[in-house]
Amino acid sequence: WPGVNAWYGKAYSEYPTEWDKIFTKYSSKKAYEEDVGTSGFSLAVTKPEGQPISYDDERQGFTTRYTHITYGLGFIVTREAFDDDQYDVVGQRKAQSLAFSMRQTKEILGANVLNNAFNTSFLGGDGSTLIASAGGGSASHANVAGGTWTNGPTAAVDLSEAALEQACIDVANFTNDRGLKIAVRPQKLVIPVNLMFEAERILKTTGRVSTDLNDINAIKQMGMFPGGVVVNHYLTDTDAWFILTDTPHGLKMFERRGDAFEMDNDFDTENAKFKASFRASFGWTDPRGIYGSAGV
């Protein structure tokens, strides 16, 4: 058992994780977590001389529930394999394979939040898809105090210098639930592997991309993406791209119980049984934490 446990741990640390570059991780001690938003206050109004001041109320916002789900998998080493001195060989191979499967499970759970960002079967607390715009997903996000807003382009666009510039402008124009300007800034560009070369050309060149003009690359010069580019190998749409912003309470991962690798012996079969499990949830609270396009 100690040897197999060591093989599991070694295999798990050999591969860098990607989901944690997209989601903010929180711990949980409950069956589920709920985030409840508030609307904030409106603009101040004129107070006539001698008249009482006007009062406003915050309104309870949309509720987002993160329900934690347990994921697990295991393998068996037979007594015969142990007797024939195959325990080390079989145990090592299976432990490393199980560790790989557990890691991949988390990667896919995280990536699926973005893979389903435009899918109307996956809605958030406000009843809209993660990305809501005329360019894909729900038509818009709703404000608690009334009105709507979008976190995507007016028409789906492929990744380009012009598309990123407009996205940065759109993000800078985000408002709160009362329509007041909020300071939101792009942080990271999240892309599938198919766009990694295009993203490199757009963000790393000193001059503008694909022109013979002497213009500077404004995106690079202004440091619009301080968190750099996150290439996610588990995104299924080859031309969809996303921008993570510095909005608090955007994309979240709650860990109810971390990875546990355990074993036991079966009395009747004399087999050694090994299992791994974790309990967690992935999702989003405030869609202002992301901007995206499904591509063309």
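The following refers to the structure shown. Note that the structure is predicted; figures quoted are calculated from it, not measured.

**Examining the nonpolar core**
Within the largest apolar cluster, 36 residues are counted, with the highest numbers of intra-cluster contacts made by Leu114, Leu130, Phe242 and Leu251. Secondary structure elements with two or more residues in this core: strand E4 (69–77), helix H3 (87–115), strand E11 (241–245), strand E12 (251–265) and strand E13 (272–284). What Leu130 contacts, discounting residues up to four positions off in sequence, is Val113, Leu114, Ala117, His141, Asn151, Leu251, Trp284, Pro287 and Ile290. By size, the runner-up hydrophobic cluster in this structure holds 22 residues, among which are Val184, Ile202, Ile219 and Tyr291.

**Some words on the sheet that holds strand E9 (residues 186–191)**
Reading across from one edge, E10-E9-E11-E14 is the order of the four strands in this open sheet, with mixed pairing throughout. Two strands in the sheet have a free side with no partner beyond their single neighbour: strand E10 (229–231) and strand E14 (290–293). Ignoring which end each strand starts from, the neighbouring axes of this sheet average 20 degrees apart. As defined by bridge partners, E11 adjoins E14 across four bridges and the pair is classed as antiparallel.

**Quick word on the pattern of salt bridges**
Taken as a whole, this structure holds 16 salt bridges when the rule is applied. Ionic pairing is found between Arg79 and Glu270, a salt bridge with its closest N-O pair at 3.2 Å. You can see Arg79 sitting in helix H2 (residues 79–83) and its partner Glu270 sitting in the loop between E12 and E13, a full 191 residues away along the chain. Between Asp215 and Arg208 there is a salt bridge, with its nearest N and O atoms 3.8 Å apart. Note on Asp215: relative accessible area 34%, which makes it partly exposed. For Arg208, a relative accessible area of 34% puts it in the partly exposed group. One network of salt bridges, with partners in common, ties together Lys25, Lys106, Glu255 and Asp259.

Definitions and cut-offs
- Residues numbered from 1 in each chain as written.
- Predicted model: local features only at pLDDT ≥ 70, side-chain atom pairs only at ≥ 80, totals over all residues.
- Heavy atoms only, no water.
- Core = buried A, V, L, I, M, F, W, Y, C linked by side-chain atoms within 4.5 Å.
- Buried < 20%, exposed > 50% of the residue type's maximum accessible area, 1.4 Å probe, protein only.
- Helix = DSSP H or I, 4+ residues; strand = E, 2+ residues; numbered from the N terminus.
- Contact = heavy atoms within 4.5 Å.
- Pairing = 2+ DSSP bridges.
- Axes fitted to C-alpha atoms, helices over the stretch in contact; angles between N-to-C directions.
- Salt bridge = Lys/Arg side-chain N within 4 Å of Asp/Glu carboxyl O.

Any functional reading would require information that these geometric values do not contain.
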